[in-house]
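Structure assessment
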Amino acid sequence: MNSQNIITIAIDCMGGDFGTSMTVPAAINFLQNSQHQNVNLLLIGQENVINESLQKFCDKNILQKFLDENLIKIIHAEQVVAMDDSPTLCIRNKKNSSMRIAINAVKDKIANACVSAGNTGALMATSHFVLKMLPNIERPAICGAIPTTVPDKCSFMLDLGANVDCNEHHLYQFAKMGTAWARAVGQIENPKVALLNIGSEEIKGNNVVKNAAKLLKDDPNFVGNIEGDAIYHGEIDVIVCDGFVGNVALKTSEGLVQTLAAALKQEYKRTLISKFGAALSLPALKRFKNRFDHRRYNGAILLGLQGISIKSHGSADVVAFEHAIEHAYIAAKNDILQKIQNLI
């Protein structure tokens, strides 16, 4: 790997719904952010396509500066993982894909982290296969940030879809990994941890959740159970559940936000008076939109692996993907793998 002071991030430029038209400008925008010191990027994918995007979306002087300073390196990949590819077939037959090469770069310590907006199942399976698990961790978990009603505060939720069926030991490990992530990313020294359940009482829930609560009872950060309506209150920093529950909760929430936004637009356009009201409330609406803009929370980490692998939404735009790269940078800078090992 490069000098310890330099963080290298491998980017699967071909992944996602928009490919290089989204990933490449996001990478350039990330490098232009003055807060990101001592970082360089590996742009992995079909070389000619990446070069075309660099020429199309990036300022020539800025691009040349980054190339001269070796902040950008293009690595050619012959294959591309499609969004509907089978994870098993990707592991067997797409060893030269941009996704696989990005993950291999982390394994070979050429990069500190990798980011992809590609096929979630393929990224999960390939990351697991290539990077392997950390000691004493049985399964990886997808951990993502979610907005809350507390200004400038988010909570972290896991698992968001990696493991449909879990036992109490898996949930216990998720809680520990989520604690480490909240400390590293959220800068929360003693994050409050809770199990997502159908009731806050100890007697509620299935046996897996009840037994997980028993394992966590001596953890000073564990505060018990919460129900779904408390996910966005901001009182809990780390919300733990299995991947089935987490994914359903996440997708339901995203759908609700889209529905409310569409309904609000319809109501504002209904009459002349409501249109006038919309104009008056425009500043507040913009602040509200920015506060709950899902793009700010894009980039979920696959916790539990012997390497940092970040999953971006497949439909991410440039702003959202830049935030995913940001999460990879923060994870590497804060040595998240060592912090997880210290807690397990």
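Refer to the structure presented above.
A brief look at the structure comes next. (Residues numbered from 1 in each chain as written. Predicted model: local features only at pLDDT ≥ 70, side-chain atom pairs only at ≥ 80, totals over all residues. Heavy atoms only, no water.)

**A look at a positive patch on the surface**
- A cluster of basic side chains, namely Lys265, Lys269, Lys275 and Lys289, defines a positive patch on the protein surface.
- Tracing the chain through its elements places Lys289 in helix 11 (residues 282-291). (Patch = residues over 30% accessible without salt bridge, like charges linked within 9 Å, V, L, I, M, F, W, Y side chains within 5 Å. Areas by Shrake-Rupley, 256 points an atom, 1.4 Å probe, with all protein chains shown as cover. Salt bridge = Lys/Arg side-chain N within 4 Å of Asp/Glu carboxyl O. Lys, Arg positive; Asp, Glu negative; His and termini not counted. Charge placed at Lys NZ, Arg CZ, Asp CG, Glu CD. Helix = DSSP H or I, 4+ residues; strand = E, 2+ residues; numbered from the N terminus.)

**Thoughts on the pairing of strand 2 (residues 39-45)**
- The buried fraction of strand 2 is high, at seven of seven residues.
- Where burial is concerned, the two faces of strand 2 agree: the one with Val39, Leu41, Leu43 and Gly45 and the one with Asn40, Leu42 and Ile44 are both buried.
- Examined bridge by bridge, strand 1 (residues 7-12) and strand 2 share six bridges and lie parallel to one another. Paired with Asp12 across the two strands is Ile44, which belongs to strand 2.
- Where strand 2 meets strand 3 (residues 72-76), five bridges bridge the pair, whose relative direction is parallel. Residue pairing for strand 3: Leu41 is matched across the bridge by Ile72. (Buried < 20%, exposed > 50% of the residue type's maximum accessible area, 1.4 Å probe, protein only. Pairing = 2+ DSSP bridges.)

**A short note on the packing of helix 7 (residues 168-185) against helix 13 (residues 336-343)**
- Across the interface, helix 7 lies against helix 13 with an axial gap of 9 Å and an inter-helix angle of 135 degrees. With respect to each other, helix 7 and helix 13 are oriented oblique. Viewed along their axes, helix 7 and helix 13 form a crossing whose handedness is right-handed. Mapping the contact onto sequence places Lys176, Met177, Thr179, Ala180, Trp181, Arg183 and Ala184 in helix 7 and Ile336, Lys339, Ile340 and Leu343 in helix 13. (Axes fitted to C-alpha atoms, helices over the stretch in contact; angles between N-to-C directions. Parallel < 35°, antiparallel > 145°, perpendicular 65-115°, else oblique. Left-handed = near helix turned anticlockwise from the far one by under 90°. Contact = heavy atoms within 4.5 Å.)

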